[in-house]
Protein chains: 2
Amino acid sequence: MKKIKINIPNYEYNVYLGNNIFNEILKLLKKENHTGNYLIVVDKKVSRLYSNLIDTTFAAAKNKVIKVILESTEKNKSYSAIQKIHSALIKNNYGRDSVIIAIGGGIIGDVAGFAASTYMRGVKYIQVPTTLLASVDSSVGGKTGINFDNTKNIIGSFYQPKLVLIDTNFFKTLPKEEQLCGLGEIIKYAFLINENFFTLVKNNLDKILANEPKVIEKVIIESVKFKGSVVTSDEKEQGVRKILNLGHTFAHAFEVQQDHKLKHGQAVIVGITCALYLSNKINLVNEKDFSVYLNLLTQFSNKIKLAKVDKKVINHIMQRDKKNRDNQIKLVLLSKVGTILTDINVDNSLINQSISEAIVHF
Amino acid sequence: MKKIKINIPNYEYNVYLGNNIFNEILKLLKKENHTGNYLIVVDKKVSRLYSNLIDTTFAAAKNKVIKVILESTEKNKSYSAIQKIHSALIKNNYGRDSVIIAIGGGIIGDVAGFAASTYMRGVKYIQVPTTLLASVDSSVGGKTGINFDNTKNIIGSFYQPKLVLIDTNFFKTLPKEEQLCGLGEIIKYAFLINENFFTLVKNNLDKILANEPKVIEKVIIESVKFKGSVVTSDEKEQGVRKILNLGHTFAHAFEVQQDHKLKHGQAVIVGITCALYLSNKINLVNEKDFSVYLNLLTQFSNKIKLAKVDKKVINHIMQRDKKNRDNQIKLVLLSKVGTILTDINVDNSLINQSISEAIVHF
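All figures in this text were calculated on a predicted structure; none of them were measured in a lab.

Caption draft 1: Examining the overall build of chain A more closely. Within chain A, the regular secondary structure consists of 14 helices and 11 strands. Computed over C-alpha atoms, the radius of gyration of chain A comes to 20 Å, within 12% of the 21 Å expected from 2.2 N^0.38 for 362 residues, which places it in the range of a compact globule. Once the C-alpha set of chain A is aligned to its principal axes, its extents read approximately 60 × 40 × 35 Å. When the accessible area of chain A is evaluated, it comes to approximately 14,000 Å², of which 48% is carbon and sulfur surface. For chain A, the distance from the average site of its 49 positive side-chain charges to the average site of its 33 negative ones is 4 Å.

Right under this line is the structure:
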């Protein structure tokens with residue numbers, strides 16, 4: 001089992017990583033003193049596949065254990081899911097020493113984390129991401145949230161977990177398209193980290209998709225460490241953390257416009273492609289790099305299906321993005337691998353052109 | 001205008017205090033750089049009495065100003081009020097630089113603060129308490145929250161304001177019973193701070209009730225400073241901050257059992273009386289002090305009206321209190337003015353006896 005320390009000021013915690021390590025969670029929780037009553041928020045599919053493992057593992061717990069099973073849909077990323085969790089906590093007389101454990105993908109983590117951050121003004125929160133996407137993306141950073149009024153992640157909090165356990169064994173039952181979502185975020189890190197990591201990802205796309213343990217572990221470690229270091233220096237996204245949003249302002253808008261039928265990690269690939277076209281259009285990226293980068297982004301574009309794209313709607317949704325100030329769209333753009341620019345204002349017509357050119361590939 | 005600095009780690013802010021100072025708020029906001037779009041959450045009664053003052057004051061703002069008017073009832077301390085605020089923010093395209101300003105009593109502050117803490121994972125929050133109770137109690141501490149599933153303040157967050165402005169001129173239109181609520185919390189501080197403050201309060205009860213400016217300003221400054229120092233050393237209520245809950249576990253239970261017809265500050269007087277009886281029962285308070293303290297608590301007991309008290313219900317609600325662990329009621333009890341004990345377990349039968357003896361006075 002590998003251990004990665006995340007050093008966010010006042011919120012130090014460990015990410016444990018390995019294959020087939022879930023059954024050690026109770027030991028780890030005990031070792032780190034997270035021993036109140038447990039409420040497990042578990043994804044419906046994960047529960048169907050692994051309820052035996054989960055129940056057996058937690059049978060040895062000394063305190064109460066209750067489970068809330070949620071279907072991982074954007075519709076469920078809502079107040080009603082939060083209230084379901086809170087009602088279970090209240091009904092079972094759970095106190096401030098409660099420990100909420102999320103077992104599932106990003107949606108489960110976002111919902112359970114927000115519920116933990118607002119129950120009794122904050123109880124302990126543990127994350128067990130069961131998808132590649134959640135492992136590299138939402139297991140570090142402390143962003144929790146739900147959708148409201150048709151606006152993605154508009155309600156939420158910054159709330160750090162006390163412990164993260166990534167068991168790559170869960171990924172083997174993921175559908176291929178879900179693994180592709182994880183790859184989407186990993187491609188984002190390929191652009192953010194450095195040339196070495198870019199090359200590692202570029203040369204191992206198939207192995208990542210096939211969940212090859214050694215490669216998977218390597219890319220998770222690098223991504224988590226990198227994200228950890230960024231979040232450590234800017235927890236509340238005032239500065240450098242904004243680079244993590246590369247492609248995301250576009251991606252979120254596509255997700256909403258496509259009625260959430262386009263999955264997040266896939267939308268990120270589409271979004272970075274838009275950001276790349278736009279970066280090229282304003283001469284941030286030279287032609288040579290542009291074609292190398294575009295090639296990486298479009299390797300699996302045939303696996304990503306877009307319904308009719310309405311640019312006007314996408315543009316409107318982008319304007320509502322949390323990153324904006326003064327009603328101007330603030331974009332994260334790319335100059336070179338490892339050189340990311342944030343808070344860029346670009347003319348709307350260029351944004352629309354970039355979208356038009358990017359979506360040709362999908 | 002007086003200025004009190006609150007030094008909570010990472011969350012330093014100023015409390016401005018004076019008579020007739022509201023019209024300077026825009027200047028203060030500008031001076032401290034809180035200049036995004038404003039959303040004002042204002043109490044319905046306050047709006048009726050002061051909408052002219054508020055509108056005139058904010059007419060000079062350079063950014064957008066919108067108002068959400070809320071009735072201050074416990075029923076409104078709910079998700080639907082939160083959603084009303086969030087919908088207004090979303091509809092008006094408010095971004096991360098939004099500033100939410102609460103103008104009203106404790107309920108308005110709790111609701112607006114929670115809405116601010118969860119919109120886009122946190123936007124700026126300014127407090128203008130218009131009641132004596134909110135000025136001494138909720139303007140420092142950062143506790144925000146709403147009720148849910150019949151449980152008071154069960155959902156919420158710790159979230160500090162960026163600036164607090166207390167204009168004692170607002171108090172002059174408060175009903176007497178509301179001023180009595182403020183006195184309830186001030187009596188609590190009389191027990192917490194020291195003998196000098198206890199004597200000041202004891203000798204000026206009538207002047208506090210009559211809103212005599214000099215005395216009022218003095219008790220607010222002492223209370224706010226004291227609360228500030230306590231919260232500074234224990235923001236998340238892990239230790240010393242618990243003393244601020246003197247009488248509150250009882251008080252919350254009374255409020256719920258009395259269907260919120262008993263107001264918070266008045267419930268605090270009843271709650272401290274219960275805590276005093278209990279403290280005496282387990283020999284924490286000697287007989288001499290007991291009678292002095294009881295005398296202070298029951299000065300205005302004829303103004304506090306209790307409907308039928310159901311001890312079983314009160315006991316049950318107390319068991320659900322956030323301060324509990326391991327399903328045991330943890331109480332804050334009193335030994336002497338300035339000497340408060342926390343996390344005390346007491347036999348249920350003694351708790352019930354104390355309630356019986358205390359309520360005789362009300």
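Picking up where we left off.
Caption draft 2: Region of the structure containing the relation of the copies chain B and chain A. The transformation that overlays chain B on chain A combines an axial shift of 0.0 Å with a rotation of 180°, and the residual RMSD is 0.0 Å. Here the symmetry operator amounts to a two-fold rotation axis. Here 100% of the contact residues of chain B are again contact residues in chain A; the copies associate through an equivalent surface.

Caption draft 3: Fine view of the side chain of A:Gln258. Residue and element names in this part refer to chain A. With respect to the secondary-structure elements, Gln258 resides in the loop between helix H10 (248–257) and helix H11 (264–281). Of note is the side chain of Gln258, whose polar atom sits 3.4 Å from the backbone oxygen of Lys308. The residues contacting Gln258, other than those within four sequence positions of it, are Leu306, Ala307, Lys308 and Val309.

Caption draft 4: Layout of the domain arrangement of chain A. All names here are of chain A. Taken as a whole, chain A is organised into domain 1 (2–173) and domain 2 (180–210 + 212–359). When each unit is reduced to the centre of its C-alpha atoms, the spacing between domain 1 and domain 2 is 26 Å. Buried area between domain 1 and domain 2, both sides added, is near 2,600 Å², and the carbon and sulfur share of it is 67%. Broken down residue by residue, the surface that domain 1 buries against domain 2 is led by Leu133, Val136 and Lys152, which jointly contribute 23%. Summed over the shared surface of domain 1 and domain 2, the number is four salt bridges. For Lys227, the salt bridge goes to Asp137, with nearest N and O atoms at 3.5 Å. Counting every contact that joins domain 1 to domain 2 gives eight residue pairs in polar contact (both at pLDDT 80 or more). Broken down by secondary-structure element, the contributors of at least two residues to the side of domain 1 that touches domain 2 are strand S1 (2–8), strand S2 (11–18), helix H5 (132–136) and strand S8 (151–158).

Caption draft 5: Structural view of the packing of helix H7 (residues 195–203) of chain A against helix H9 (residues 213–233) of chain A. All names here are of chain A. Close contact between H7 and H9 brings their axes to 11 Å; oriented N to C, the two are set at 150°. On the basis of their axis angle, the class for H7 and H9 is roughly antiparallel. Between H7 and H9 lies a crossing of left-handed hand. Of the residues in H9, those touching H7 at Phe197, Leu200 and Val201 are Lys218, Val219, Glu222 and Ser223. Its residues assigned to classes, the contact of H7 with H9 comprises four nonpolar, one polar and two charged.

Caption draft 6: Examining the sheet that holds S2(A) more closely. Residue and element names in this part refer to chain A. The strand order across the open sheet formed by seven strands is S1-S2-S9-S6-S5-S3-S4, and the pairing between neighbours is mixed. Bordering the open sheet on either side are S1 and strand S4 (65–70), each of which pairs with just one other strand. Mean inter-strand twist for the sheet, computed between neighbouring axes without regard to direction, equals 15°. Along the sheet, helix H2 (residues 44–58) contacts strand S3 (38–43), S4 and strand S5 (99–104); its crossing angle with S3, the most-contacted strand, is approximately 150°. On top of the sheet, helix H3 (residues 79–91) reaches S3, S4 and S5; it is set at about 165° to S4, its chief contact.

Caption draft 7: Quick peek at the interface of chain B and chain A. In this complex, chain B contributes 39 residues to the contact, which on the side of chain A involves 39 residues. Taken together, the two surfaces of chain B and chain A that pack against each other cover about 3,500 Å², and 51% of this comes from carbon and sulfur. At the junction of chain B and chain A, the tally comes to two salt bridges. Residues A:Arg96 and B:Glu237 are paired through a salt bridge, measuring 3.0 Å at the closest nitrogen-oxygen approach. One can count 10 residue pairs in polar contact (both at pLDDT 80 or more) joining chain B with chain A. Counting only elements with at least two residues in the side of chain B that touches chain A, the list comes to helix H3 (79–91), helix H4 (106–118), strand S7 (143–148) and strand S8 (151–158) of chain B.

Caption draft 8: The arrangement of the pairing of S2(A) in detail. Residues and elements named next belong to chain A. Where burial is concerned, most of S2 is hidden: six out of the eight residues are buried. Pairing analysis gives seven bridges linking S1 to S2, with the strands arranged antiparallel. The partner of Lys5 across the bridge, within S2, is Asn14. In textbook terms, the turn of a hairpin is the stretch between consecutive antiparallel strands, and for S1 and S2 this stretch comprises two residues, one of which, Asn10, has a positive phi near 70°. As judged from the five bridges shared by S2 and strand S9 (residues 163–167), these two strands associate in the parallel manner.

Caption draft 9: Quick look at the pattern of salt bridges. All names here are of chain A. Evaluated as defined, the whole model comprises 34 salt bridges over all chains. Taking the shortest distance from any N to any O, the salt bridge between Lys152 and Glu255 comes out at 3.3 Å. With a gap of 103 residues between them, Lys152 in strand S8 and Glu255 in helix H10 connect regions that are remote in the sequence. With a shortest N-O distance of 2.9 Å, Lys188 and Glu185 are connected by a salt bridge. Of this pair, Lys188 and Glu185 both sit in helix H6 (residues 176–192), three residues apart, roughly one helical turn. Each of the two residues, Lys188 as well as Glu185, counts as buried.

Caption draft 10: Layout of H7(A). Residues and elements named next belong to chain A. Among the residues of H7, Phe197, Phe198 and Val201 are the ones counted as buried. One side of H7 holds all its buried residues, which, seen down the axis, span an arc of 105°. In H7, those exposed residues whose orientation departs by more than 90 degrees from the buried face are Asn196 and Asn203. On its buried side, H7 packs onto H6, helix H8 (205–209), H9 and helix H12 (287–297). Two or three places before Asn196, at the opening of H7, Asn194 has a side-chain oxygen 3.2 Å from that residue's backbone nitrogen.

Cut-offs and rules
- Residues numbered from 1 in each chain as written.
- Chains lettered and ligands numbered in written order.
- Predicted model: local features only at pLDDT ≥ 70, side-chain atom pairs only at ≥ 80, totals over all residues.
- Heavy atoms only, no water.
- Helix = DSSP H or I, 4+ residues; strand = E, 2+ residues; numbered from the N terminus.
- Rg over C-alpha atoms; globule rule 2.2 N^0.38 Å.
- Areas by Shrake-Rupley, 256 points an atom, 1.4 Å probe, with all protein chains shown as cover.
- Lys, Arg positive; Asp, Glu negative; His and termini not counted.
- Charge placed at Lys NZ, Arg CZ, Asp CG, Glu CD.
- Least-squares fit on C-alpha atoms with pLDDT ≥ 70 in both.
- Contact = heavy atoms within 4.5 Å.
- Polar contact = N/O pair within 3.5 Å; in protein donor to acceptor, adjacent residues only side chain to side chain.
- Domains from an automatic or database assignment.
- Buried area = accessible area lost by both parts, 1.4 Å probe.
- Salt bridge = Lys/Arg side-chain N within 4 Å of Asp/Glu carboxyl O.
- Axes fitted to C-alpha atoms, helices over the stretch in contact; angles between N-to-C directions.
- Parallel < 35°, antiparallel > 145°, perpendicular 65-115°, else oblique.
- Left-handed = near helix turned anticlockwise from the far one by under 90°.
- Nonpolar A, V, L, I, M, F, W, Y, C, P; charged D, E, K, R; others polar.
- Pairing = 2+ DSSP bridges.
- Buried < 20%, exposed > 50% of the residue type's maximum accessible area, 1.4 Å probe, protein only.
- Arc of directions from axis to C-beta.

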